[in-house]
Amino acid sequence: MNGPLATRELDRLRRRFRGDVILPGDIAYDAARRLWNAMLDRRPAAILRPTTAAEVATAIRFARDRDLVVAVRSGGHSVAGVVGPDGGLVIDMTAMQGVSVDPAKRISTVGGGELLGALDVAAQAHGLVCPIGVIGHTGVAGLTLGGGVGRLQRHFGLTIDNLVAVELVTADGRTVRASETEEPELFWGLRGAGWNFGVATAFEFRLHPFGPDLHRGVRIYPAAQAHEAWAVFEAFARSAPHAVATIFGIDREGPTVDTPDALAGQTIVYVAFNHSGAPEDVERDTAGLRAGPSPVSETIGNSSYLEVQGAHDLVLGWGRRSYLLSTNGNGLSPAALDQLVDLVATSPGEGSFSITALRGAIADVPEDATAYAGRAAAYDLSADIAWTDPNLDEACRAWARQTMAAVEPDRALGRYANGNSAAGPEVSRSIYGDAKLERLRTLKRSWDPDNVFHLNHNIAP
Ligand SMILES: Cc1cc2nc3c(=O)[nH]c(=O)nc-3n(C[C@H](O)[C@H](O)[C@H](O)COP(=O)(O)OP(=O)(O)OC[C@H]3O[C@@H](n4cnc5c(N)ncnc54)[C@H](O)[C@@H]3O)c2cc1C
């Protein structure tokens with residue numbers, strides 16, 4: 001059903017639902033339907049903001065009884081662009097926030113609609129941390145249910161590797177708790193393909209003693225030295241200690257790297273790292289990165305972890321158009337590197353390419369332990385483009401596809417679900433691989449046989 005909802009039905013819903021019910025025409029509607037990516041200009045039939053798990057169940061039933069497409073939304077940062085269906089019903093979790101920390105047990109309980117920044121701040125108040133993503137206004141739910149990568153994952157594992165339990169409202173309105181011992185198969189699927197099985201109303205995470213500082217550095221080179229810089233990065237990444245996260249990037253005026261004046265307007269390559277271990281180990285652990293040519297600029301030093309985590313919240317704020325594609329890989333051919341430099345130099349928007357070293361603690365977890373696939377991969381290879389002019393939409397998406405084609409020969413098993421704007425059956429297959437996809441389909445048939453939760457990297461039942 002795509003027409004407006006009848007007043008009588010809405011009145012009945014409001015009697016059972018304490019949270020906001022926001023409809024087209026309401027003053028709050030335009031703000032409530034807005035999503036991080038400005039390309040996603042969707043007009044749902046209703047946006048419901050439940051305040052309890054029982055209200056989430058009411059919202060699911062309301063939608064199902066009327067054949068309304070269901071979308072679930074927390075931080076609104078969906079890379080896959082699937083959260084606000086035209087004419088459908090959005091279950092907007094933003095009223096279910098809150099973070100509590102038990103410092104003795106080193107456990108945090110987080111509301112299903114909470115944002116990353118709140119978890120960082122609450123955990124750091126006790127000298128603790130959960131490895132999460134790098135932008136504070138991203139939703140905990142969407143990020144966690146796909147895996148969760150960021151600055152500390154080589155040290156402490158993916159976000160899902162620190163997940164103790166999830167409280168979930170399922171397609172039939174039941175509230176279940178999934179953990180290693182409660183619904184363990186569901187818990188397996190929630191860790192990598194989680195948006196498929198219900199609405200997460202709360203998460204429990206394991207925390208680690210950490211902080212308050214992070215040691216970090218960025219070395220910037222002209223693109224003409226891309227091969228020398230890559231050789232340094234590759235040799236270092238091959239045996240980097242778990243406490244070092246490192247990334248090789250190709251960029252122009254990137255929002256997250258300050259280009260030095262000497263290279264203003266030019267394509268650059270950079271090698272960035274952060275060291276999350278003991279300060280006295282930094283010199284030894286990062287020595288390999290100082291090999292090779294001298295950079296044009298180098299920034300290095302300690303910063304507060306919370307400051308680093310919030311540093312790009314504004315430059316990567318809401319309102320721009322965005323498209324992102326990524327894959328796992330085990331290397332990068334010299335020809336691909338040349339192509340990538342040319343593609344970044346000529347991108348129609350702000351195009352950049354990054355190669356993030358994976359492994360470390362991510363690879364310490366057995367491949368079969370979670371639905372997330374590709375723990376043995378050396379790198380995440382990502383093409384990222386942002387722009388503001390709607391007339392550039394197709395050119396920018398085509399740029400990302402062309403850029404990923406350049407690294408296709410370097411692909412390895414798996415693709416990070418939360419790093420892919422393209423969605424569809426073949427994308428789901430390449431994210432999970434054949435064997436995990438089959439196991440997920442069996443799980444989906446148990447928990448959501450009608451595919452109520454399909455606006456995601458979908459597992460068709
Ligand atoms: C600026 C930016 C920075 C990012 N940085 C990182 C990063 O550092 N690391 C990383 O791993 N990823 C990162 N991502 C990707 C991000 O993790 C995914 O886009 C994620 O899905 C966003 O979650 P959300 O809750 O904000 O999004 P939403 O758009 O609200 O939802 C995304 C998906 O999750 C589902 N979902 C949302 N809430 C729930 C819930 N409570 N229960 C069940 N399903 C739910 C939705 O249905 C949808 O399929 C970033 C994205 C952006 C835009």
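Notes on the structure follow. Being a predicted model, the structure only gives us computed values, none of them experimental.

## Describing the side chain of lysine 436
By the secondary structure assignment, lysine 436 is in helix H14 (residues 425-447). Among the polar contacts listed, one links the side chain of lysine 436 to the backbone oxygen of tyrosine 372, at a separation of 2.8 Å. Not counting residues up to four positions away in its chain, the partners in contact with lysine 436 are Trp188, Glu367, Asp368, Thr370, Ala371, Tyr372 and Ala373.

## Here's the deal with the packing of aromatic side chains
Each aromatic ring pair is characterised by the separation of its centres together with the angle its planes make. Applying the stated rule across the entire model yields nine aromatic pairs. On the numbers, 5.9 Å between centres and 15° between planes, the contact of phenylalanine 203 with phenylalanine 205 is stacked. Using a relative accessible area of 0% as the deciding quantity, one classes phenylalanine 205 as buried. These aromatic residues form a ring-pair network of at least three members: Trp230, Phe233, Phe248 and Tyr379. In this structure, arginine 439 is placed above the aromatic ring of tryptophan 188, and the distance from its NZ or CZ to the ring centre is 3.7 Å.

## A word on unusual backbone geometry
Going from glycine 211 to proline 212, the amide bond is cis rather than trans, its omega being 5°. Relative to the helices and strands, proline 212 resides in the loop between strand S11 (208-209) and strand S12 (213-222). Within the chain, aspartate 67 stands out as a residue other than glycine whose phi angle is a positive 60°. Within the element layout of this structure, aspartate 67 appears in the loop between helix H3 (53-65) and strand S3 (70-73). A positive phi angle, near 55°, is found at asparagine 451, a position not held by glycine. For asparagine 451, the location among the structural elements is in the segment after H14.

## Brief notes about the site of the ligand
Surveying the vicinity of the ligand reveals 32 residues, the closest of which are Val72, Ser74, Ser78, Val149 and Tyr416. Glycine 75 is positioned such that a nitrogen or oxygen atom in its backbone is 3.0 Å from an oxygen atom of the ligand. Between glycine 142 and the ligand, the recorded distance is 3.3 Å, taken from a backbone N or O atom to an oxygen atom. The fraction of the free accessible surface of the ligand (960 Å²) that becomes covered by protein chains is 93%. Put simply, the parts of the chain that give the shell around the ligand at least two residues each are S3, helix H5 (140-146) and strand S10 (199-206). Per-class residue counts for the shell around the ligand are 17 nonpolar, 14 polar and one charged.

## Description of the nonpolar core
Phe233, Phe248, Ile250, Phe353 and Ile355 are the most contacted members of the largest nonpolar core, which has 41 residues in total. Among the secondary structure elements, those contributing two or more residues to this core are helix H8 (226-238), strand S13 (244-251), strand S14 (268-275), strand S16 (321-329), helix H11 (334-345), strand S17 (350-357), strand S18 (379-387) and helix H13 (393-406). Core analysis: the second largest hydrophobic core is formed by 39 residues, Phe203, Ala371, Ile431 and Trp447 among them.

## Some thoughts on the pairing of S14
Burial runs high along S14: eight of the eight residues are buried. With burial as the criterion, each face of S14 is covered, one bearing Ile268, Tyr270, Ala272 and Asn274 and the other bearing Val269, Val271, Phe273 and His275. By the bridge criterion, eight bridges tie S12 to S14 in an arrangement that is antiparallel. Residue pairing for S14: arginine 219 is matched across the bridge by valine 271. Strand direction decides the pairing type here: S13 and S14, joined by eight bridges, are antiparallel. Directly across from isoleucine 250, in S14, lies its bridge partner valine 269.

## A closer look at the pairing of S12
When you tally the buried positions in S12, you get seven out of ten residues, the bulk of the element. By the bridge criterion, eight bridges tie S12 to strand S15 (residues 297-304) in an arrangement that is antiparallel. Following the sheet pairing, arginine 219 is matched in S15 by glutamate 298.

## Quick notes on the sheet that holds S16
In spatial order, the strands read S15-S12-S14-S13-S17-S18-S16; together these seven strands make up an open sheet with antiparallel pairing. The open sheet has two free edges, formed respectively by S15 and S16, since each of these has just one partner strand. Pairwise comparison of adjacent strand axes, ignoring direction, gives a mean angle of 15° for this sheet. Note: S13 against S17, four bridges, orientation antiparallel. In the sheet register, phenylalanine 248 faces S17, and the bridge partner there is isoleucine 355. In this fold H8 packs onto S12, S13, S14, S17 and S18, with an angle of close to 160° to the strand it touches most, S13. Against the sheet, H13 makes contact with S16, S17 and S18, and its axis sits at roughly 165° relative to S18, the strand it touches most.

Rules of the game
Residues numbered from 1 in each chain as written. Predicted model: local features only at pLDDT ≥ 70, side-chain atom pairs only at ≥ 80, totals over all residues. Heavy atoms only, no water. Helix = DSSP H or I, 4+ residues; strand = E, 2+ residues; numbered from the N terminus. Polar contact = N/O pair within 3.5 Å; in protein donor to acceptor, adjacent residues only side chain to side chain. Contact = heavy atoms within 4.5 Å. Phe/Tyr/Trp six-rings, centres within 6.5 Å; stacked < 30°, edge-to-face > 60°. Buried < 20%, exposed > 50% of the residue type's maximum accessible area, 1.4 Å probe, protein only. Lys NZ or Arg CZ within 6 Å of the ring centre and 35° of its normal. Near = heavy atom within 4 Å. Areas by Shrake-Rupley, 256 points an atom, 1.4 Å probe, with all protein chains shown as cover. Nonpolar A, V, L, I, M, F, W, Y, C, P; charged D, E, K, R; others polar. Core = buried A, V, L, I, M, F, W, Y, C linked by side-chain atoms within 4.5 Å. Pairing = 2+ DSSP bridges. Axes fitted to C-alpha atoms, helices over the stretch in contact; angles between N-to-C directions.

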